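Next come the chains, spelled out residue by residue.
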Amino acid sequence: VQLQASGGGLVQAGGSLRLSCAASGGTFGSYTVGWFRQAPGKEREFVAAIRSSGGFAYYADSVKGRFSISRDNARNTVYLQMNSLRPEDTAVYYCAADSKIILSSIRMDGQYDHWGQGTEVTVSS
């Protein structure tokens, strides 16, 4: 499956953005999709993930209550709605997918086989 992330941009603190991860090829509905981010000079970190059915979602503590992940399998797209953005949310955001990932590994970027190219989010103070 090929992934294309989009929706990044420049926003003021407190604002919102919605990222999209569009998939092509493969059976998208069978993939767990995760969002990760990497800020300058830092390691890539887990942000959120959603299971193939869309019934279960998982979040990093730093974004819980502010970000929401969802998916539309008919459109082969996963969304990350980001509200109440903070300067520390500034990063390049990547979406990733895997069809076999287990729950205990869902926050581990090394466990995802397929990656999009990243979309940059900048939050100004």
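So, here is what we can say about the structure in this document. (Residues numbered from 1 in each chain as written. Predicted model: local features only at pLDDT ≥ 70, side-chain atom pairs only at ≥ 80, totals over all residues. Heavy atoms only, no water.)

### A short note on the pattern of salt bridges
- Summed over the entire model, instances satisfying the criterion amount to six salt bridges.
- E45 is paired through a salt bridge with R37; the nearest N and O atoms lie 2.6 Å apart.
- Among the residues examined, E45 registers a relative accessible area of 35% and is labelled partly exposed.
- On the basis of relative accessibility, which here comes to 5%, the residue R37 falls in the buried class.
- A network of salt bridges, in which partner residues are shared, links R37, E45, R66 and D89. (Salt bridge = Lys/Arg side-chain N within 4 Å of Asp/Glu carboxyl O. Buried < 20%, exposed > 50% of the residue type's maximum accessible area, 1.4 Å probe, protein only.)

### What about the packing of aromatic side chains?
- Summed over the entire model, instances satisfying the criterion amount to five aromatic pairs.
- On the basis of an interplanar angle of 75° and a centroid distance of 5.7 Å, the ring pair of F36 and F46 is categorised as edge-to-face. Of this pair, F36 sits in strand β4 (residues 32-38) while F46 sits in strand β5 (residues 45-50), and the two are ten residues apart along the sequence.
- Given a relative accessible area of 9%, F46 falls into the buried group.
- Aromatic pair Y94 and W115: ring centres 6.5 Å apart, planes at 75°, arrangement edge-to-face. Of this pair, Y94 sits in strand β9 (residues 91-98) while W115 sits in strand β10 (residues 114-115), and the two are 21 residues apart along the sequence.
- Taken together, the ring pairs connect F36, F46, Y94, Y112 and W115 into an aromatic cluster.
- Sitting above the plane of the Y94 ring, R44 keeps its charged end 5.8 Å from the centroid.
- Lying across the ring of F28, R71 places its NZ or CZ 4.7 Å from the centre. (Phe/Tyr/Trp six-rings, centres within 6.5 Å; stacked < 30°, edge-to-face > 60°. Helix = DSSP H or I, 4+ residues; strand = E, 2+ residues; numbered from the N terminus. Lys NZ or Arg CZ within 6 Å of the ring centre and 35° of its normal.)

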